Amino acid sequence: MSRLTKYMPAVVGYRERLATLQGAWDSLALLSHLSEDGTNLSGTRQAFESLAGDLVSHLAAETHKKSLLAARARAQVAIDILVRNLFERTADISFLAADDIIRRFAREVPALRRTAREDGPAAENAARTVEVATRSVQRRLAEYVAKYSIYHNVIVVSPEGEVLLQLETGNAPAVTQDPLVAHTLASDQPYVETSRASDLVPDARRALIYSHRITSENQTLGVLCLCFGLQDECDGIFGKLRSATDWTVLSLLDTQNEVIATSDPYLLPVGARVTAGNGETGDIVRFAGREFLAVTRTAQPYQGYAGPNWRGHVMVPLERAFETDEVTERSGYTSEVLADLRASAATFSAALREIPRQADAVQRDLNRSVWNGSVRLSLADGGNGTFAKALLREISNMGRKTKDVFEHSIEELHETVVSSVLHDSQFMASLGSELLARNLYERANDCRWLALDATLIGRLAEVQGCDDAAATQMLQRINELYTVYHCIVLLDAQGRIVATSRPEYEHLQGELLNEPWASQTLSLSGSQAYSVSGFQPSALYDNQPTLIFGAAVRGPQGRVIGAVAVVFDASPQLSAMLRDSLPRDERGQPVAGCVAMFLDRELRVMATTSPEAGIEAACIRWVKETSRQGEARIVQIGESYHAVGTKPDSGYREFPGLGGHAVVLIPIGKVHERRTVARGDLPQRAPARHEGSKQEVLEFATFATGSSWYALPTTSVIEAIDAKALQTLPTSEPWCAGFLMFAGEPLAVADLTRVLGETHLETPRIVVVIRAQGRSRPFGLLVELLGDIPEVAADRLLPIDGSPEQLATLAIEPADPTDPLVMILSPERLAGLFYGATQAAPEALTA
């Protein structure tokens, strides 16, 4: 980790500032040995050095973790999204290979082409027939690719390797030597997946081809090939995963670590060999003379399909890997919220939660040392007091500078952790939105292609041989291939159900389907048009809400003669997408308490992983008010904070989307009770002002307890000590906080907050040891915060009217209206109150 720290700008900046402070502390520690104040900074200097080291280490670790998690997520999503896409292709090839028009072409054209090669009138007629048939089927395949735009060519090959048909824009050779033809002919699998160089795609270094036998009546007619536009698809995936200013390079690797597709062909060209990075911890790898943070992830199988054994690979130049985004405002959280989040064991480790406490302890120890030194100097006669006071002031100033640097460092450390969680929520919401859009894109394609099926058209056009049984059989076969559908239905021109893929809906045949999408579908124009219902209950989905995609079926003259509709199996499909959108832990399991949901255009819940009304309502309200464009914020829901990421549905390729939102919530902490009593706008230190040597001045030791500030004459103060050793003993005295050992004797300690009727605001606390005039035994006052040791002109002391029992006899007049009013307590009256009341430890309390 130390090697990587130099590439982390934020960490380097804080380390330099802390090193500068460390040098100043070394100098002050040396000078303190020469002063007369008795202050020993050795412990403070060592504590500072240790804390600074811990802080830099944790900041570096969290910065590294944030970058690593981002790289891991991108690599995983890149390969998983591609695998989901390719899963759809495995169904496409099986369905298209059974197309009656393609079968007839593959059965009849080879013989015609052989005849066309001969001499005579028959050859000419055969050639014209082949040309007409070829153009007709090419138009049909162009219709297919217009809908399934992820393919750049569709090829029909004879068993001998002759290319019988391809798109007009295709550039496959007249005869292929690719062994995939023989392999496909010999295969009885639903599809054959080929990923390598192929003469069928001559201009590509690597082709991705899905192939299937074309058969008819137990006769093998040839091979159908769907050529997938891999680089085009990867460009779309990579573009969604990186911004214009992003230095991340995304790619796909094969089993030999060869680059298959890349987001930056200049930096990482296709065909290059790279070193794969560890999928969990990442690796530092070298490529083209530079070092990169690299992560490589294998695909998570989708419905049993794992893809062609490729991996997602992310590389970030090491000098850019740990840069932080410039954020102009916090994502919906204040300092108070961040303070609550620090207490969360789920978000912050014990070590991270300990750092603010360590910093506070160092600062309190330093304040106490300076305070005690100032008290001692106020009581000293002659000597080098001026130098000692100047040194204490410099130590105090250095303490404030150190405190500021630590506070900013700790805040940045915690913000790094929080921003990482916010990024996760936004990223996973984007993944959910992408999964939904890509899935529904396929549904819009499927219904339009089904509307061109010859069997379904024949049934609606009442062509002989195309009856209800044939249409039903076709729908059932399609539904078996495309398991994302609950059912598929065929409607006539009046909207009556003609056929359905599911036997349980056969009783609806002949009935008029009175749902809005049906009439919309029957009024569509053009083979590219489709309709999609609202997310509403349907009789075709057991009266549960779903989405139904429909396309008009046209007869030979182009007139609408009916419609085909695919009923999306919404419940399991949406649930599966949402589960894949949940953040995962190290074991690959969803992080406990996380929630993902889809909202429709009207911000109604379509699906959720946790149907909790309070969470749903809060998310809908927040998206409606602030997040229509998608973002990540800390949102309070009930008594908990959540990192909530949203992403609008922006569609995929030609599919515009539903206009809804994907939302992911990650629990990040609990809401803690806010104090109703505060010290208001009072500074932590009472103002110190030297009034000039010609005036009578008195010195006071100031401190705070509860919401107020108090003072004692320095002549009554011995020193301030840590309250850690305070022992609570049974006593009947309400003021007694306990006892501790001081100068070898037990010291009774009064809880000043309790005595004065204040409310505790801070812990841990400090014991101020004092001695009242005429008393030989000291006693302690438990206070919360130490102030300064101001020199106050006598004319600024204001008398306080009250009874003899009044503990405060004077007040220091504020020099400014914004300064605190400091009440001066009487040590004698405090002693009288305690001595007269206590029965607990007479040896410790009596003079």
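The structure displayed is predicted, hence computed values, not measured ones.

Student: Please give an account of the pattern of salt bridges that cites residues and values.
Tutor: Scanning all chains against the criterion turns up 36 salt bridges. The shortest N-O distance in the salt bridge between E258 and R205 comes to 3.7 Å. With E258 in the loop between β6 (249-253) and β7 (259-262) and R205 in the loop between β3 (192-196) and β4 (207-216), the pair connects residues that are 53 residues apart, well separated along the chain. Accessibility expressed as a relative area gives 15% for E258, which makes it buried. Here R205 falls in the exposed class, since its relative accessible area comes to 54%. D722 is the partner of R368 in a salt bridge, and the nearest nitrogen-oxygen pair spans 3.9 Å. Within this pair, whereas R368 is found in helix α8 (residues 350-379), its partner D722 is found in strand β25 (residues 717-722), the two being separated by 354 residues in sequence. For D722, a relative accessible area of 25% translates into the label partly exposed. Salt bridges linked by common partners bring D232, E233, K240, E434, R438 and R653 together as one network.

Student: Pulling in residues and values, what's your account of unusual backbone geometry?
Tutor: Here the phi dihedral of E217 falls at roughly 55°; this positive angle occurs in a residue that is not glycine. Relative to the helices and strands, E217 resides in the loop between β4 and β5 (219-228). Positive phi values are uncommon outside glycine, yet N218 reaches one of about 65°. Relative to the helices and strands, N218 is located in the loop between β4 and β5. Overall, the relative accessible area of 85% leaves N218 in the exposed class.

Student: Help me get a handle on helix α3 (residues 100-116), residues and values and all.
Tutor: In a regular helix each residue adds 1.5 Å, so 17 residues correspond to 24 Å; α3 covers 24 Å between its end C-alpha atoms and thus fits that length. The principal kink in α3, of about 35°, is found at V109, preceding the proline P110 by one to four residues. Among all positions of α3, only I102, F105, A106, V109 and P110 are buried. Between the side-chain oxygen at the start of α3 and the backbone nitrogen of I101 there is a gap of 3.1 Å, and the oxygen is on D99.

Student: If you had to explain the side chain of T184 to someone new, which residues and values would you point to?
Tutor: On the secondary structure map, T184 appears in helix α5 (residues 180-186). For T184, a relative accessible area of 2% puts it in the buried group. Beyond its immediate sequence surroundings of up to four residues, T184 is in contact with V192, S211, H212, R213 and V223.

Student: Explain the environment of L798 to me, and be specific about the residues and the numbers.
Tutor: Position of L798 relative to the elements: it lies in strand β32 (residues 797-799). Measuring from C-alpha to C-alpha, the distance between L798 and A811 comes to 5.0 Å, with 13 residues separating the pair along the chain. If near-sequence neighbours (up to four positions away) are discounted, L798 is found in contact with T809, L810, A811 and E813.

Student: How would you sum up helix α6 (residues 230-241)? Please name residues and give values.
Tutor: Here α6 contains 12 residues, and its C-alpha end-to-end distance of 17 Å stays within 8% of the 16 Å for a straight helix at 1.5 Å per residue. Of all the residues in α6, the buried ones are L230, E233, C234, I237, F238 and L241. End-on, the buried residues of α6 take up no more than an arc of 130°, which puts them together on one face.

Student: Can you break down the pairing of strand β11 (residues 485-492) residue by residue, with the values?
Tutor: The buried fraction of β11 amounts to eight of the eight residues, a majority that puts the element mostly inside the structure. Here β11 pairs with strand β17 (residues 560-568) via seven bridges, running antiparallel. Residue pairing for β17: D492 is matched across the bridge by G562. The hairpin formed by β11 and strand β12 (residues 497-500) contains four residues between the paired strands, and G495 there has a positive phi angle of roughly 90°.

Student: Before we move on, can you summarise the confidence of the model for the protein chain with the specific residues and values?
Tutor: Predicted coordinates in areas of low pLDDT are best not read in detail. Across the protein chain, the average pLDDT comes to 83, with 89% of residues at 70 or higher. Note that pLDDT drops below 50 for residues 680-692; the model gives that stretch 39 contacts with residues more than four away or on any other chain. Confidence over residues 837-847 falls short of pLDDT 50; this stretch has 21 contacts with residues more than four positions distant or in other chains.

Student: Describe the sheet that holds strand β21 (residues 640-648), with residues and values.
Tutor: Taking strand neighbours across the sheet as the criterion, the five strands line up as β19-β18-β22-β21-β20 in an open arrangement whose pairing is antiparallel. Pairing within the sheet leaves two strands with one partner each, and these edge strands are β19 (605-608) and β20 (632-637). Ignoring strand direction, the axes of neighbouring strands in this sheet form an average angle of 30°. Here nine bridges tie β21 to strand β22 (residues 661-670), and the two strands are oriented antiparallel to one another. Among the inter-strand pairings, A643 is bridged to a residue of β22, identified as I666. Sitting on the sheet, helix α13 (residues 570-580) touches β18 (595-599) and β19, and the angle it makes with β18 is about 130°.

Thresholds, definitions, all that
Residues numbered from 1 in each chain as written. Predicted model: local features only at pLDDT ≥ 70, side-chain atom pairs only at ≥ 80, totals over all residues. Heavy atoms only, no water. Salt bridge = Lys/Arg side-chain N within 4 Å of Asp/Glu carboxyl O. Helix = DSSP H or I, 4+ residues; strand = E, 2+ residues; numbered from the N terminus. Buried < 20%, exposed > 50% of the residue type's maximum accessible area, 1.4 Å probe, protein only. Expected span 1.5 Å × (residues − 1). Bend = angle between axes of the 7 residues up to and from the residue. Polar contact = N/O pair within 3.5 Å; in protein donor to acceptor, adjacent residues only side chain to side chain. Contact = heavy atoms within 4.5 Å. Arc of directions from axis to C-beta. Pairing = 2+ DSSP bridges. pLDDT = per-residue confidence, 0-100. Axes fitted to C-alpha atoms, helices over the stretch in contact; angles between N-to-C directions.

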